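An overview of the molecular structure
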Amino acid sequence: MTPESLFSLASAAVLPGWIALALAPLARAKAVLVARVVAVLLAGLYVTLLGLGLTGDGPPPGAGFDTLEGVRLLLSSPQALLAGWVHYLVFDLWVGSWEAEDAALPHWLLLPCLALTFLAGPTGLLLYHLLKAARRVQA
């Protein structure tokens, strides 16, 4: 399977988890479980991609985590970039499942947090915490 095909598959595979979280009030524990199962399955794909990337030609010279250029080089192959994308998909979905499980907000306030977590991970997490803090102050 090509990296492009795996990209499309992984990007679509994450959607049932996000849909479950959006519908969480209907069965919160089941929704969180669905999202986490999807995240764990995608984590398996990530580990596979990472393993394949490490056993191939390896990273290019200068690649690493110590400089921005090193990270750019590390992600310069389609396979490495795909692994990085799956990494984002897994962690954003896991954070969304935590937000739904924590459920410190009414669901109508949780939905924008989940949407932002899906689209821009840390932004949704920040909004969740800001709204949660604001509700505590009001109480």
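Up top is the structure.
A brief look at the structure comes next. Please read these numbers as outputs of a predicted model, since none were measured by experiment.

Attention shifts here to the packing of helix H2 (residues 15–22) against helix H6 (residues 107–120). Interhelical geometry of H2 versus H6 gives an angle of 165 degrees and a closest axis separation of 10 Å. Taken together, H2 and H6 sit at an angle that is classed as roughly antiparallel. The handedness of the crossing between H2 and H6 comes out as right-handed. For the pair H2 and H6, contact is made by Leu15, Trp18, Leu21 and Ala22 and by His107, Leu111, Leu114, Thr117 and Phe118, respectively. By residue class, the composition of the contact of H2 with H6 is seven nonpolar, two polar and no charged.

On to the side chain of His107, then. If you trace the backbone, His107 turns up in helix H6. Owing to a relative accessible area of 17%, His107 belongs among the buried residues under this scheme. With sequence-adjacent residues up to four places away left out, His107 is seen in contact with Leu21, Ala22, Ala24, Pro25 and Arg28.

We now examine the packing of H2 against helix H5 (residues 78–102). Packed helices, taken two at a time, are described by the angle between their axes plus the distance between the axes. Packing of H2 against H5 brings their axes to within 10 Å, and their N-to-C directions diverge by 15 degrees. Judged by the angle between their axes, H2 and H5 are roughly parallel. Crossing of H2 against H5: the hand is left-handed. Of the residues in H5, those touching H2 at Gly17, Trp18 and Leu21 are Asp92, Leu93, Gly96, Ser97 and Ala100. Class assignment for the residues of the contact of H2 with H5 results in four nonpolar, three polar and one charged.

Counted according to the given criterion, the structure contains three salt bridges. Between Arg36 and Glu101 there is a salt bridge; the shortest N-O distance is 3.0 Å. Of the two residues, Arg36 is situated in helix H3 (residues 28–55) and Glu101 in helix H5; the sequence distance between them amounts to 65 residues. Its relative accessible area of 18% is what places Arg36 among the buried residues.

This part takes up a nonpolar patch on the surface. Residues Leu15, Ile19, Leu23, Leu26, Phe118 and Leu119 make up a contiguous nonpolar surface patch of about 630 Å² in total accessible area. For the nonpolar patch, the secondary structure elements donating two or more residues are H2 and H6. Take Leu26: its relative accessible area is 73%, and that puts it in the exposed class.

We now examine unusual backbone geometry. At Ala103, a position not held by glycine, the phi torsion is positive, near 45 degrees. Mapped onto the secondary structure, Ala103 falls in the loop between H5 and H6. Owing to a relative accessible area of 30%, Ala103 belongs among the partly exposed residues under this scheme.

For helix H7 (residues 122–138), spanning 17 residues, the distance from its first C-alpha to its last is 24 Å, which sits close to the expected 24 Å at 1.5 Å a residue. Residues Gly124, Tyr128 and Lys132 constitute the buried set of H7. Taken down its axis, H7 places every buried residue within 70 degrees of arc, on the same side. Set apart from the buried face of H7 by more than 90 degrees, the exposed residues are Pro122, Leu126, Leu130, Val137 and Gln138. Check the buried side of H7 and you find it contacts H5 and H6.

Calculation notes
- Residues numbered from 1 in each chain as written.
- Predicted model: local features only at pLDDT ≥ 70, side-chain atom pairs only at ≥ 80, totals over all residues.
- Heavy atoms only, no water.
- Axes fitted to C-alpha atoms, helices over the stretch in contact; angles between N-to-C directions.
- Helix = DSSP H or I, 4+ residues; strand = E, 2+ residues; numbered from the N terminus.
- Parallel < 35°, antiparallel > 145°, perpendicular 65-115°, else oblique.
- Left-handed = near helix turned anticlockwise from the far one by under 90°.
- Contact = heavy atoms within 4.5 Å.
- Nonpolar A, V, L, I, M, F, W, Y, C, P; charged D, E, K, R; others polar.
- Buried < 20%, exposed > 50% of the residue type's maximum accessible area, 1.4 Å probe, protein only.
- Salt bridge = Lys/Arg side-chain N within 4 Å of Asp/Glu carboxyl O.
- Patch = residues over 30% accessible without salt bridge, like charges linked within 9 Å, V, L, I, M, F, W, Y side chains within 5 Å.
- Areas by Shrake-Rupley, 256 points an atom, 1.4 Å probe, with all protein chains shown as cover.
- Expected span 1.5 Å × (residues − 1).
- Arc of directions from axis to C-beta.

Honestly, that's just the spatial picture; any functional story needs more than this.
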